[in-house]
Amino acid sequence: MIRISLAVALVATCLLPGAVQSQAGGYTLTIELENTVPPGTPVCVPITVPDQVGKNTEVIITGKGGSKPFESQAQITAPGIMTEKTPATAGGVRRELHFRTPDLTDKTLTIVLNFAVPPTSQSPFTWQDKAGEHADLSFKGMPVMRYMYKAYDNSSTEKRDKTYKVFHHLYDPTSKRLITNGGQTNEPLPKNPKDLLYPHHRGLMYAFKKINYGDAPECDTWHAIPGETHQSHVGFLGSEAGSELGRHRVAVNWHGVKNDIFANEEREMTVYKFKDGVLVEFASRLKSPKGTVKLGGDPQHSGFQFRVHNDLYEAKLHDQTYYVSPEGKSGLGKKGERNWDPKTGKGPVDIGWDSMHFILDGKRYTAVYMDHPKNPHPSRWSERDYGRFGCYFETQFSETQPLEVNYRLWLQEGDMTPAAAAELARQFVSPPKVTVR
């Protein structure tokens, strides 16, 4: 008998679109899976629903997966960045249906959506905004993620250092502490300023070291240099909080040397909470009002990156950090870093996923970073023993040719096996193929 760990199955799979047809007090859809999906797997199905139920956010689903009947609560959301291009069918509106797979005995799953039945309990995910400071996502009253978006302030070096870019913090799976770094926004800051290592690396962030557009001077949104280069929060474009997930989409402007806006970003974070961990999906769309924008840099200071809290550095736990990727194990008592080298062209490239194993407050954690094959490539990777890893690419975008990217991150306590991490990545890049009718 093959036993699959629940952590391996925690992949939000977006399936093919379909219209939901009215039938006997509800709406039905049939999903035919190419292969079975482990119980508890989050599934996202783009669907079209009638206008009159398009505003619903929760729904009861009942049905059969082979001989086993089931009933559970599901969540309806607006389309995400990666699915919103799928058109609605005539006479309806596009939505996404989110639910966890039941224990199936068959590859055909028939579901009835009953919008008339009220949700069975209060939504566990909630958003709370501290205006002008940060927005917090909680699960059953416990913090999961924090969006840092304080307005850019260049009235002093200290204030500028705290506000020159937006980013997301992530809490540990038990919600007891921030697992990610905040740079000069950390509370409390180290008594010795030298103990604040590389404060430009912050949480879950997205920026590039080398950016060129038009005749403007080259700028760097990672370090927010030179001049008035920075990222700024523009507004909240939408948020979701329900039984299955928490999500929001924010508008972010990218500013150049003279404070001019050269890029408009829609940044979307989706969070799924599980007993043994947290799954985060990052999606972004960049457009330019200033013609073509070219992105470049290096694997340490560009792209989508994850940085562990500065406490790891202060506690001198570098030699206990190690990485596991499809290329094997690295770090742990050695030099503590592995990077793609632009001079030689050697180093990790297009590896697909990487897992960082680190210690905070005496606890071992694993973070798995997953790169989608539809992102620009080659992807060039970097690992550092103080807890920063990710990958970057070089590309260009414009107003008519936007740049869309998609990544996932899994965080749990304890060591995750290479096989489990590889399975998470496999399900991200190769979701089950389905037919919805």
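As the structure is a computational prediction, the values presented were derived from the model and not from experiment.

**A short note on the nonpolar core**
Okay, so step 1: One finds Leu-170, Tyr-206, Ile-211, Trp-254, Val-280, Phe-306 and Phe-358 to be the most contacted residues of the largest nonpolar core, which totals 55 residues.
Okay, so step 2: Per-element tally for this core: the top contributor is strand β30 (residues 403-413), with 5 residues.
Okay, so step 3: Ignoring any residue separated from it by four or fewer positions in sequence, one finds Tyr-206 in contact with Gln-231, Trp-254, Glu-265, Arg-267, Phe-282, Ser-284, Leu-286, Gly-303, Phe-304, Phe-393, Leu-403 and Val-405.

**Some words on the sheet that holds strand β29 (residues 395-397)**
Okay, so step 1: Strand order across the open sheet formed by 3 strands is β15-β20-β29, with antiparallel pairing between neighbours. Pairing within the sheet leaves two strands with one partner each, and these edge strands are β15 (210-213) and β29. Neighbour-to-neighbour, the strand axes of this sheet turn through a mean angle of 20 degrees, independent of strand direction.
Okay, so step 2: As judged from the 3 bridges shared by strand β20 (residues 293-296) and β29, these two strands associate in the antiparallel manner.

**Quick word on the packing of aromatic side chains**
Okay, so step 1: Tallied over the full model, the rule gives 23 aromatic pairs.
Okay, so step 2: In this structure, Arg-202 is placed above the aromatic ring of Tyr-164, and the distance from its NZ or CZ to the ring centre is 4.5 Å.
Okay, so step 3: Against the face of Trp-340 rests Arg-380, its NZ or CZ located 4.2 Å from the ring centre.

**Describing the confidence of the model for the protein chain**
Okay, so step 1: Residues of the protein chain with pLDDT of at least 70 account for 89%, and the chain-wide mean is 89.
Okay, so step 2: In this model residues 1-11 is a low-confidence stretch, pLDDT under 50, and it forms 29 contacts with partners more than four residues away in sequence or in other chains.

**Section: the sheet that holds strand β16 (residues 230-241)**
Sheet strands pair via backbone hydrogen bonds, and the direction of the pair is either parallel or antiparallel.
Okay, so step 1: Judged by pairing direction, the sheet is antiparallel, and its 9 strands sit side by side in the order β16-β17-β18-β19-β30-β26-β25-β22-β23 without closing on themselves. The open sheet is flanked by β16 and β23 (328-331), the only strands paired with a single partner. Adjacent strand axes in the sheet meet at a mean angle of 20 degrees when their direction is disregarded.
Okay, so step 2: Seen against the sheet, helix α3 (residues 418-429) touches β19 (277-287), β22 (322-325), β25 (353-360), β26 (363-371) and β30 and runs at an angle of roughly 30 degrees to β26.

**Things to note about the environment of Glu-266**
Okay, so step 1: Take Glu-266: it is sitting in strand β18 (residues 261-274).
Okay, so step 2: On the accessibility criterion, Glu-266 (22% relative accessible area) is partly exposed.
Okay, so step 3: Each C-alpha atom of the pair Glu-266 and Ala-283 lies 8.3 Å from the other, and the pair is 17 residues apart in sequence.
Okay, so step 4: Glu-266 has contacts with Ile-81, Leu-237, Arg-249, Val-250, Ala-283, Ser-284 and Arg-285, leaving out every residue within four places of it along the chain.
Okay, so step 5: A polar contact is formed between the side chain of Glu-266 and the side chain of Arg-249, at a distance of 2.8 Å.

**Focus: the pattern of salt bridges**
Okay, so step 1: Applying the stated criterion to the full structure yields 22 salt bridges.
Okay, so step 2: The partner of Lys-162 in a salt bridge is Glu-158, with the nearest N and O atoms 3.9 Å apart. Taken together, the positions of Lys-162 and Glu-158, both in helix α1 (residues 157-163) and 4 residues apart, correspond to about one turn of that helix.
Okay, so step 3: The exposure class assigned to Lys-162 is partly exposed, which follows from its relative accessible area of 36%.
Okay, so step 4: Accessibility expressed as a relative area gives 55% for Glu-158, which makes it exposed.
Okay, so step 5: Glu-383 is the salt-bridge partner of Arg-338, the closest N and O atoms lying 3.2 Å from each other. Highlighted residues: Arg-338 in strand β24 (residues 337-339) and Glu-383 in strand β27 (residues 380-384), separated in sequence by 45 residues.

**A closer look at α3**
Because each turn of an α-helix spans 3.6 residues, side chains separated by three or four positions end up pointing in the same direction.
Okay, so step 1: The end-to-end C-alpha distance of α3, which contains 12 residues, comes to 17 Å, matching closely the 16 Å that a straight helix rising 1.5 Å per residue would cover.
Okay, so step 2: Listing the buried residues of α3 in full gives Ala-420, Ala-421, Leu-424, Ala-425, Gln-427 and Phe-428. Here the buried residues of α3 occupy an arc of 165 degrees about the axis, which is enough to place them on one side.
Okay, so step 3: Residues of α3 that are buried in the fold lie against β19, β25, β26 and β30.

Rules used throughout
- Here the residue numbering is sequential within each chain, running from 1 through the sequence in written order.
- Reporting in this predicted model follows two pLDDT cut-offs: at least 70 for local features of residues, and 80 or more for side-chain atom pairs to be given and counted; totals over whole chains, interfaces and linings ignore these cut-offs and use all residues.
- Values reported for side chains reflect all heavy atoms of the structure, with hydrogen atoms and water molecules removed beforehand.
- Residues enter a nonpolar core if they are buried and are Ala, Val, Leu, Ile, Met, Phe, Trp, Tyr or Cys, with the set joined through side-chain atoms within 4.5 Å.
- A simple rule labels every residue: compare its accessible area, found with a 1.4 Å probe on the protein chains alone, to the largest value its type can have, and call it buried under 20%, exposed over 50%, or partly exposed in between.
- To qualify as a helix, a DSSP run of H or I must reach at least 4 residues; to qualify as a strand, a run of E must reach at least 2; elements of each kind are numbered from the N terminus.
- Only heavy atoms matter for contacts: two residues are in contact if any of them lie within 4.5 Å across the pair.
- Here, any two strands with at least 2 DSSP bridges between them count as paired.
- To get an axis, fit a line to the C-alpha atoms, keeping to the stretch in contact for a helix; angles then go from 0 to 180 degrees between the N-to-C directions.
- Each Phe, Tyr or Trp ring (for Trp, its six-membered ring) is paired with any other whose centre lies within 6.5 Å, and the angle between the two planes then decides the class: stacked below 30 degrees, edge-to-face above 60, tilted in between.
- Counting as a charge over the ring demands two things of the Lys NZ or Arg CZ atom: a distance within 6 Å of the ring centre and an angle within 35 degrees of the ring normal.
- Scored from 0 to 100, pLDDT records how confident the predictor is in each individual residue.
- Identification of polar contacts relies on pairs of N or O atoms within 3.5 Å, with a donor-acceptor requirement for protein atoms, meaning one able to donate a hydrogen and the other able to accept it, and with residues adjacent in sequence counted only if both atoms are side-chain atoms.
- The term salt bridge refers to a side-chain nitrogen of Lys or Arg lying within 4 Å of a carboxyl oxygen of Asp or Glu.
- Multiplying 1.5 Å by the residue count of a helix minus one yields the expected span of that helix.
- In this context, the arc is that of the directions from the helix axis out to the C-beta atoms.

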